[in-house]
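What follows is the residue order along each chain.
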Amino acid sequence: YDELYTYYYFISRGPVYAAIHWPLPNNHVGYSVLSGFLNLFGNPVIGLRGISYLAALVNLVLLYRIGRKCFSCGWSVCCVLIYSCMNLVNQLAVQGRGYTLAVSCFLMAICMLQEIGWKEGAEVKKDFIYYGIFSLSLTLGLYILPSSVYWVIPVCITGGIFLLSLKKIRPLAYLIISSLIAAFHTLLLYAVIWLAIGSNLLS
């Protein structure tokens with residue numbers, strides 16, 4: 001029901017329509033917008049579930065990459081295998097909803113935190129791309145599911161504590177700025193929805 005509702009009332013009507021309508025708390029706006037672009041190719045199955053399939057594949061790569069920072073190649077592969085054998089992971093990977101994509105954003109944010117934490121000295125100045133991707137991951141995660149706040153805040157706090165424990169003050173400052181930028185962009189994205197709903201009510 002949720003899949004069909006999402007497709008017929010949002011994805012099938014295009015990315016712009018999906019971006020300005022949010023009648024239910026679990027509407028998965030960000031997912032509907034991205035799927036709306038994919039749906040322009042004319043295949044409703046790919047339009048509905050294509051993003052989830054792609055996100056599920058990306059998750060395996062990200063999980064392996066995260067594992068390689070802490071474990072050997074073999075243990076990293078084991079982490080990926082265990083993750084990919086979980087029933088809920090497989091169930092959501094083929095569902096036309098935003099849960100798997102939100103996991104991608106979470107894993108990407110963790111991956112970027114690792115990259116930021118491992119950089120030393122002058123390298124920090126050259127790698128603003130990591131802060132940009134980190135900020136984008138937080139924004140997209142919240143745009144897909146407002147309940148992503150339950151992982152966004154702990155990730156930001158943990159990253160801050162990690163960098164503070166290593167006495168990396170400049171990266172910590174950049175991380176805080178990236179998080180604030182993500183919050184601002186998320187507010188802008190939802191402001192579009194609120195303004196659209198408000199104008200509809202007024203009219």
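Residues numbered from 1 in each chain as written. Predicted model: local features only at pLDDT ≥ 70, side-chain atom pairs only at ≥ 80, totals over all residues. Heavy atoms only, no water.

Hey, could you run me through the packing of aromatic side chains in this one?
Throughout the structure, instances matching the rule amount to 11 aromatic pairs. Look at F106 and W151: their rings are 5.5 Å apart centre to centre, the planes differ by 70°, and that puts the pair in the edge-to-face class. Highlighted residues: F106 in helix α7 (residues 99-118) and W151 in helix α10 (residues 149-165), separated in sequence by 45 residues. Owing to a relative accessible area of 15%, W151 belongs among the buried residues under this scheme. Arranged with centres 5.5 Å apart and planes meeting at 75°, the rings of Y131 and Y174 form a pair that is edge-to-face. With Y131 in helix α9 (residues 128-144) and Y174 in helix α11 (residues 169-202), the pair connects residues that are 43 residues apart, well separated along the chain. A relative accessible area of 4% means that Y131 is categorised as buried. A relative accessible area of 21% places Y174 in the partly exposed class. Of the aromatic side chains, those joined through ring pairs into one cluster are Y1, Y5, Y9 and F10. (Phe/Tyr/Trp six-rings, centres within 6.5 Å; stacked < 30°, edge-to-face > 60°. Helix = DSSP H or I, 4+ residues; strand = E, 2+ residues; numbered from the N terminus. Buried < 20%, exposed > 50% of the residue type's maximum accessible area, 1.4 Å probe, protein only.)

What is the right way to look at the nonpolar core in this model?
Generally speaking, soluble globular proteins have nonpolar side chains that are buried together. Counting residues in hydrophobic clusters, the biggest one holds 36 residues, and the most contacted among them are F134, L138, I144 and W151. For this core, the secondary-structure elements that each account for two or more residues are α3 (29-39), α4 (44-68), α5 (73-84), α7, α9, α10 and α11. It is α7 that provides the largest number of residues to this core, a total of 9 residues. Residue contacts for L138: discarding those within four places in its chain leaves A109, W151, V152, C156, S179 and A182. Counting 8 residues, the second largest nonpolar core, distinct from the first, contains F10, V33, Y143 and I193. (Core = buried A, V, L, I, M, F, W, Y, C linked by side-chain atoms within 4.5 Å. Contact = heavy atoms within 4.5 Å.)

Before we go on, may I ask you to explain the state of the cysteines in this structure?
Working definition of a disulfide: a covalent bond connecting the sulfur atoms of two cysteines. On inspection of all chains with the given rule, the structure shows 0 disulfides. The cysteine C73 is free of any disulfide, with C78 supplying the nearest cysteine sulfur at 9.7 Å. Using a relative accessible area of 38% as the deciding quantity, one classes C73 as partly exposed. We note that C79 lacks a disulfide partner, and the nearest cysteine sulfur, in C78, lies 7.1 Å from it. On the basis of relative accessible area, C79 is assigned to the partly exposed category, the value being 30%. (Disulfide = S-S within 2.5 Å.)

What should I look at first to understand the packing of α9 against α10 in this one?
A packed helix pair is summarised by two numbers, namely the angle formed by the two axes and the spacing between the axes. Close contact between α9 and α10 brings their axes to 9 Å; oriented N to C, the two are set at 155°. Regarding the angle of α9 to α10, the classification is roughly antiparallel. In terms of crossing hand, the pair formed by α9 and α10 is left-handed. For the pair α9 and α10, the contacting residues are F134, S137, L138, G141 and L142 in the first and V149, W151, V152, V155 and C156 in the second. Residues of the contact of α9 with α10, tallied by class, amount to 8 nonpolar, 2 polar and no charged. (Axes fitted to C-alpha atoms, helices over the stretch in contact; angles between N-to-C directions. Parallel < 35°, antiparallel > 145°, perpendicular 65-115°, else oblique. Left-handed = near helix turned anticlockwise from the far one by under 90°. Nonpolar A, V, L, I, M, F, W, Y, C, P; charged D, E, K, R; others polar.)

Could you clarify how one ought to interpret the pattern of salt bridges in this entry?
Should the charged atoms of two oppositely charged side chains come close, the side chains can pair. This structure, assessed with the given rule, holds 3 salt bridges. The partner of E115 in a salt bridge is R65, with the nearest N and O atoms 3.0 Å apart. Placement of E115 in helix α7 and of R65 in helix α4 is noted, with a sequence separation of 50 residues between them. Counted as one network, the salt bridges with shared partners bring together R65, K69 and E115. (Salt bridge = Lys/Arg side-chain N within 4 Å of Asp/Glu carboxyl O.)

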